[in-house]
Amino acid sequence: MLINRTFFVYVALMTLVVVASNILVQYPLPGSIAGMQLGDLLTWGAFSYPFAFLVTDLTNRQFGPRIARRVVVAGFVVAVALSFFAATPRIAIASGSAFLLGQLLDISVFNRLRRQTWWRAPLAGSLIGSGLDTAMFFSFAFAPFFVFLGPNDSFALEAAPLLGLVADEAPRWISWALGDLAVKILCGIVLLLPYGALMSVIKPMPAVKATA
């Protein structure tokens, strides 16, 4: 009963994070800092999506990789279905593909390192998973090569100073991807704090302890 109830809580949290991120990734940050246009560097989705890795890692810690994969798949199905209404089909496809593979990679890395120092598994899993997720999502969502997934975004393809600072110009989506990855790395480190705080509350089930 506990597993069933907690499972649906994790699925609901995962769905909320992904759907919110699919909406927020369409909105660049407004304003500028020291002459750097934030819209050329980041979207709001960069700040919400890293919470998906926190949900996955907590599930993996408590119930092990098998249940964690179920949460990821369930969250993937529900989130993608809802995202087709909340975002463009191309964003939904890009997000779903990147989410599924990035989270599954996170689970695999976390499970391999779970017996080491408490912070290594969630940090390594989220950083490696984030790298794959970022590369897949921004390529599928904005690169002209993947136009068969949906219309290109003219704003994302406009040339702009790389990262809003470098004189060399590149399509805006490349700076978004680099900025997104930098934020995910930072968030992956910061989110170790709630993960560590919840370790005393969310403890591994006996079956997970036996196999860890």
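Here, residues in each chain are numbered from 1, in the same order as that chain's written sequence. Local features in a predicted model are, by the rule used here, given only for residues with pLDDT of at least 70; side-chain atom pairs are given and counted only at 80 or more, and totals for whole chains, interfaces and linings are based on all residues. To obtain the side-chain values, all non-hydrogen atoms of the structure were included, while hydrogens and water were left out.

I keep staring at the environment of Met 136 and nothing clicks. Help me out?
Here a strand is any run of E in DSSP of at least two residues, a helix any run of H or I of at least four, and the numbering for each starts at the N terminus. With respect to the secondary-structure elements, Met 136 resides in helix H6 (residues 120–142). Relative accessible area serves as the criterion here: at 14%, Met 136 is assigned to the buried category. Between the C-alpha atoms of Met 136 and Ala 177, which are 41 residues apart in sequence, the distance is 9.8 Å. Any pair of residues with heavy atoms lying within 4.5 Å of one another is described as a contacting pair. The contacts of Met 136, once residues within four sequence positions are left out, are Ser 97, Ala 98 and Leu 101. Exposure classes here rest on a 1.4 Å probe applied to the protein chains alone. A residue is buried below 20% of its type maximum, exposed above 50%, and partly exposed in between.

Where do I start with the UniProt feature "transmembrane region" (unreviewed entry) in the protein chain in this structure?
UniProt positions are given in the numbering used here, feature names are shortened, and annotations may be inferred rather than shown by experiment. This chain's UniProt record puts "transmembrane region" (unreviewed entry) on residues 7–29, 41–60, 67–85, 91–111, 123–149 and 181–202. Span residues 7–29 is 78% helix and 0% strand, its end C-alpha atoms 34 Å apart. As a span, residues 123–149 carries 74% helix and 0% strand, and end to end its C-alpha atoms are 32 Å apart.

Explain the nonpolar core to me, please; I cannot follow it from the model alone.
Note that soluble globular proteins tend to have their nonpolar side chains buried in a common cluster. Formed by 28 residues in total, the largest nonpolar core has its most connected members in Tyr 10, Met 14, Ala 52, Leu 58, Val 71 and Phe 99. Within the residue set of this core, elements represented by two or more residues are helix H1 (2–24), helix H3 (51–63), helix H4 (65–86) and helix H5 (89–113). Here Ala 52 is in contact with Met 14, Val 17, Phe 99 and Gln 103, once residues within four sequence places are set aside. Definition of nonpolar core: a set of buried residues of the types Ala, Val, Leu, Ile, Met, Phe, Trp, Tyr and Cys, connected through side-chain atoms within 4.5 Å. Membership of the second largest hydrophobic core comes to 17 residues, among which are Ile 91, Ala 94, Phe 137 and Phe 146.

Explain a nonpolar patch on the surface to me, please; I cannot follow it from the model alone.
For patches, a residue must show more than 30% relative accessible area and have no salt bridge; joins then use 9 Å for like charges and 5 Å for nonpolar side chains, namely Val, Leu, Ile, Met, Phe, Trp and Tyr. Each accessible area is a Shrake-Rupley result for a 1.4 Å probe, and residues are judged covered by the shown protein chains and nothing else. Salt bridges are identified by distance alone: a Lys or Arg side-chain nitrogen within 4 Å of an Asp or Glu carboxyl oxygen. Taken together, the side chains of Ile 23, Leu 24, Tyr 27, Trp 44 and Phe 47 define a hydrophobic patch exposed on the protein surface, amounting to about 450 Å² of accessible area. As for its position among the elements, Ile 23 is in helix H1. A relative accessible area of 32% means that Ile 23 is categorised as partly exposed.

Please explain the packing of H5 against H6 as it appears in this structure.
The description of two helices packed together rests on the angle between their axes and the distance between the axes. Every angle, taken between N-to-C directions, lies between 0 and 180 degrees, and every axis is a line fitted to C-alpha atoms, over only the stretch in contact when it is a helix. For the pair H5 and H6, the least separation of the axes is 7 Å and the interaxial angle reads 160°. Relative to H6, H5 is oriented roughly antiparallel. For H5 against H6, the interelement crossing comes out right-handed. When describing relative orientation, an angle under 35 degrees is termed roughly parallel and one over 145 degrees roughly antiparallel, while 65 to 115 degrees is termed roughly perpendicular and anything else oblique. If you view the pair so one helix is near and one far, a crossing is left-handed when the near helix is turned anticlockwise from the far one by less than a right angle, and right-handed when it is turned clockwise.

Sorry, what's going on with the packing of aromatic side chains here?
Under the pairing criterion, centres of Phe, Tyr and Trp rings, with the six-membered ring standing for Trp, must be within 6.5 Å; the plane angle then separates stacked pairs below 30 degrees from edge-to-face pairs above 60, leaving the rest tilted. Under the defined criterion, the tally for this structure stands at 15 aromatic pairs. With a centroid separation of 5.9 Å and 85° between ring planes, the pair formed by Tyr 49 and Phe 53 is classed as edge-to-face. With a relative accessible area of 6%, Tyr 49 lands in the buried category. A relative accessible area of 2% places Phe 53 in the buried class. Ring geometry for Phe 137 against Phe 138: centres 5.0 Å apart, planes inclined by 85°, an arrangement best described as edge-to-face. Accessibility classification places Phe 137 together with Phe 138 in one group, the buried group.

I tried to follow the side chain of Gln 103 on my own but got confused; where do I start?
For Gln 103, the position within the fold is in helix H5. Gln 103 sits in the buried class, given a relative accessible area of 0%. Ignoring anything within four residues of it in the chain, the contact list for Gln 103 reads Met 14, Tyr 49, Ala 52, Phe 53, Thr 56 and Val 72.

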